[in-house]
Amino acid sequence: MINRTIIRLKIVQLIYAYYQNGGRRIDAVEKELMYSLSKAYDLYNYLLCLMVDLTRYAEEVVTEQEEKNRVAHIDAQISHRLLDNKFVAVLSQNEMLNQFRDNQHLTWMDDRNYLKHLYAAITESEYYSDYMSLEDTSFEDDREFWRRVYKNIIMKDTEIDEILEDKSLYWNDDKETVDTFVLKTIKRFTAESSAEHQLMPQFRDEEDVDYAKRLLDRTIENAGYYQSLISNSTRNWELKRIAFMDLVIMQVAVAEMLSFPEIPVSVTINEYIELAKCYSTPKSHMYINGIIDNIANRLRSEGKLMK
C-alpha cells in the first residue's frame with residue numbers, strides 16, 4: 001500500500017527536519033522514516049475501520065428509536081438495510097483488520113460526535129436515498145453504496161481532518177493518498193470474500209523498502225555533491241537565496257535521478273514538481289522543473305546520466 005509517492009513525501013519532510021534540527025545519525029533518520037511509513041499504513045487500516053464502526057453506531061441509533069417506538073406504542077418499521085450491509089459484515093470479520101484493532105486499540109466509537117455528524121450526512125444524502133429505494137440488494141449493491149459514500153462524503157468531509165490530526169501528527173499529509181487505496185480495497189471485496197481476504201500489504205515488495213532506505217541515505221550522504229549541481233544550475237543565484245523547501249525537494253530529486261537508473265528522468269521531475277506545488281511557494285514548481293531539467297541535460301552531456 002505504501003507507494004513511492006508517499007515515500008518521496010516522507011523523505012522530503014524528514015530531510016527538511018534533518019537540516020532544521022542540525023543533523024542526526026543516518027540510522028536514526030532511517031528509523032524515523034520506517035516508523036512514519038508504518039503510520040501511513042495504520043491510517044489505511046483505521047479508515048477501513050470507520051465503515052465498520054459507523055455501522056455499529058447506526059445499529060445503536062436504530063435500536064434506540066425502536067425502543068422509543070415500542071414505549072410510545074408506535075407501530076413503525078425501521079429499515080435494517082444499513083445494519084445488514086453484506087460488505088460491512090465481511091469487512092468486520094476480516095482477520096487482518098481485526099489484528100490491527102487488537103494491536104493498536106483504535107476505535108471510532110471514541111469519537112461519537114463525529115460518528116453522529118457523519119451518520120447524519122450519509123442518511124441525508126442522495127446515495128442513501130438511492131440505496132434505500134432498491135427493492136432488494138446484492139453484495140455488489142451493498143459494496144457500491146459504501147464506495148460511493150466513501151468517495152463522495154467521507155473523502156470530502158473536513159471534520160475528519162481534525163479527528164485524524166488529534167490521533168497522529170504523521171497523518172496530516174497522508175489521507176489524500178491513503179484514500180485512494182481505501183477505495184481500491186473496497187472494490188476488491190466480492191461476495192466470495194472470507195475473513196482471510198487479504199487487505200493491501202504495507203509494502204508492495206522489498207524493492208520499495210530498499211528504494212526508501214537508499215533514497216534517504218543517498219540524499220544525506222551525497223548532499224554536498226547534489227547541492228553543487230543545484231548551485232551550478234541556478235543562474236548565479238546563491239544557495240542561501242533559494243527557498244529552503246525548494247532546495248530540499250531538488251536535493252532529493254537529484255538523489256533519485258542519479259541513484260535509480262530504472263526510473264525515467266521525466267517521472268522523477270514530475271513527482272517532485274507535484275510535491276513543490278503542495279509544499280512550497282506558488283511558483284516553485286516551475287523553478288524546480290527548470291533546474292532539475294538543466295542538471296539532467298548537463299549530466300547526460302558529461303556521460304554521468306545514462307537514461
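So, here is what we can say about the structure in this document. Remember, predicted model here, so these are calculated numbers, not experimental data.

### Observations concerning the packing of aromatic side chains
Right, so step 1: Tallied over the full model, the rule gives 14 aromatic pairs.
Right, so step 2: Relative to tyrosine 170, the ring of tyrosine 35 lies with its centre 5.3 Å away and its plane at 75°, an arrangement referred to as edge-to-face. With a gap of 135 residues between them, tyrosine 35 in helix H2 (residues 26–71) and tyrosine 170 in the loop between helix H8 (159–167) and helix H9 (175–188) connect regions that are remote in the sequence.
Right, so step 3: Measuring from ring centre to ring centre gives 4.9 Å for tyrosine 211 and phenylalanine 260, while their planes differ by 55°; the resulting arrangement is tilted. Here the residue tyrosine 211 occupies a position in helix H10 (residues 206–221), and phenylalanine 260 occupies one in the loop between helix H12 (244–259) and helix H13 (265–279), the gap between them amounting to 49 residues. Of the two residues examined, tyrosine 211 and phenylalanine 260, each falls in the buried class.
Right, so step 4: Aromatic ring contacts, followed pair by pair, group Tyr16, Tyr18, Tyr19 and Phe244 into a single cluster.

### Details of the pattern of salt bridges
Right, so step 1: Applying the stated criterion across every chain, the model contains 22 salt bridges.
Right, so step 2: We note a salt bridge from arginine 4 to aspartate 208, for which the minimum N-O separation is 2.9 Å. With arginine 4 in helix H1 (residues 4–20) and aspartate 208 in helix H10, the pair connects residues that are 204 residues apart, well separated along the chain.
Right, so step 3: A salt bridge links arginine 204 to aspartate 205, with the nearest nitrogen and oxygen atoms 3.5 Å apart.
Right, so step 4: The exposure class of arginine 204 is exposed, given its relative accessible area of 57%.

### A short note on the packing of H1 against H12
Right, so step 1: Interaxial distance between H1 and H12 falls to 10 Å at its minimum, and their mutual angle equals 125°. When the axis of H1 is compared with that of H12, the two are oblique. With respect to the hand of their crossing, H1 and H12 are arranged in right-handed fashion. Across the interface between the two elements, Arg8, Ile11, Val12, Ile15, Tyr16, Tyr19 and Gln20 from H1 touch Phe244, Met245, Val248, Ile249, Gln251, Val252 and Glu256 from H12.
Right, so step 2: A per-class count over the contact of H1 with H12 returns 10 nonpolar, two polar and two charged.

### Description of the nonpolar core
Right, so step 1: Among the nonpolar cores identified, the biggest contains 102 residues, and Tyr44, Trp108 and Trp146 are the most heavily contacted of them.
Right, so step 2: Broken down by element, the residue count for this core peaks at 18 residues, all from H2.
Right, so step 3: Look past the residues within four positions of tyrosine 44 in its chain and what remains in contact with it is Met1, Val178, Phe181, Val182, Thr185, Leu199 and Met200.

### Concerning the environment of threonine 234
Right, so step 1: Mapped onto the elements, threonine 234 comes out in the loop between helix H11 (223–231) and H12.
Right, so step 2: Put simply, threonine 234 and tyrosine 279 are 45 residues apart on the chain and 20 Å apart in space, counted from C-alpha to C-alpha.
Right, so step 3: Among residues more than four places away in sequence, those in contact with threonine 234 are Ile242, Tyr287 and Ile291.
Right, so step 4: Polar contacts involving the side chain of threonine 234 include one to the main-chain carbonyl oxygen of serine 231, which spans 2.8 Å.

### Focus: a negative patch on the surface
Right, so step 1: Negative charge collects at one region of the surface, where Glu159, Asp161, Glu162, Glu165 and Asp166 lie side by side.
Right, so step 2: Mapped onto the elements of the fold, aspartate 161 is located in helix H8.

### Re the packing of H1 against H2
Right, so step 1: H2 packs onto H1 with a crossing angle of 140° between their chain directions and a minimal axis gap of 10 Å. Classified by the interaxial angle, the pair formed by H1 and H2 is oblique. Crossing handedness for the pair H1 and H2: right-handed. Between H1, through Ile6, Ile7, Lys10, Ile11, Leu14 and Tyr18, and H2, the contact on the second element is made entirely by Val29, Glu32, Leu33, Ser36, Leu37 and Ala40.
Right, so step 2: The residue makeup of the contact of H1 with H2, split by class, is nine nonpolar, one polar and two charged.

### Regarding the side chain of serine 193
Right, so step 1: Note that serine 193 resides in the loop between H9 and H10.
Right, so step 2: Overall, serine 193 belongs to the buried group, its relative accessible area being 13%.
Right, so step 3: Engagement of the side chain of serine 193 in a polar contact is seen with the backbone nitrogen of threonine 190, the distance being 2.9 Å.
Right, so step 4: Setting aside residues no more than four positions away along its own chain, serine 193 makes contact with Val90 and Arg188.

### Regarding H13
Right, so step 1: The end-to-end C-alpha separation of H13 is 21 Å, in line with the 21 Å expected for 15 residues at 1.5 Å each.
Right, so step 2: Within H13 the residues assigned to the buried category are Val265, Thr268, Ile269, Tyr272, Ile273, Leu275 and Ala276. For H13, the arc enclosing every buried residue in end-on projection is 160°, short of the 170-degree limit, so these residues lie on one face.

Criteria and thresholds
Residues numbered from 1 in each chain as written. Predicted model: local features only at pLDDT ≥ 70, side-chain atom pairs only at ≥ 80, totals over all residues. Heavy atoms only, no water. Phe/Tyr/Trp six-rings, centres within 6.5 Å; stacked < 30°, edge-to-face > 60°. Helix = DSSP H or I, 4+ residues; strand = E, 2+ residues; numbered from the N terminus. Buried < 20%, exposed > 50% of the residue type's maximum accessible area, 1.4 Å probe, protein only. Salt bridge = Lys/Arg side-chain N within 4 Å of Asp/Glu carboxyl O. Axes fitted to C-alpha atoms, helices over the stretch in contact; angles between N-to-C directions. Parallel < 35°, antiparallel > 145°, perpendicular 65-115°, else oblique. Left-handed = near helix turned anticlockwise from the far one by under 90°. Contact = heavy atoms within 4.5 Å. Nonpolar A, V, L, I, M, F, W, Y, C, P; charged D, E, K, R; others polar. Core = buried A, V, L, I, M, F, W, Y, C linked by side-chain atoms within 4.5 Å. Polar contact = N/O pair within 3.5 Å; in protein donor to acceptor, adjacent residues only side chain to side chain. Patch = residues over 30% accessible without salt bridge, like charges linked within 9 Å, V, L, I, M, F, W, Y side chains within 5 Å. Areas by Shrake-Rupley, 256 points an atom, 1.4 Å probe, with all protein chains shown as cover. Lys, Arg positive; Asp, Glu negative; His and termini not counted. Charge placed at Lys NZ, Arg CZ, Asp CG, Glu CD. Expected span 1.5 Å × (residues − 1). Arc of directions from axis to C-beta.

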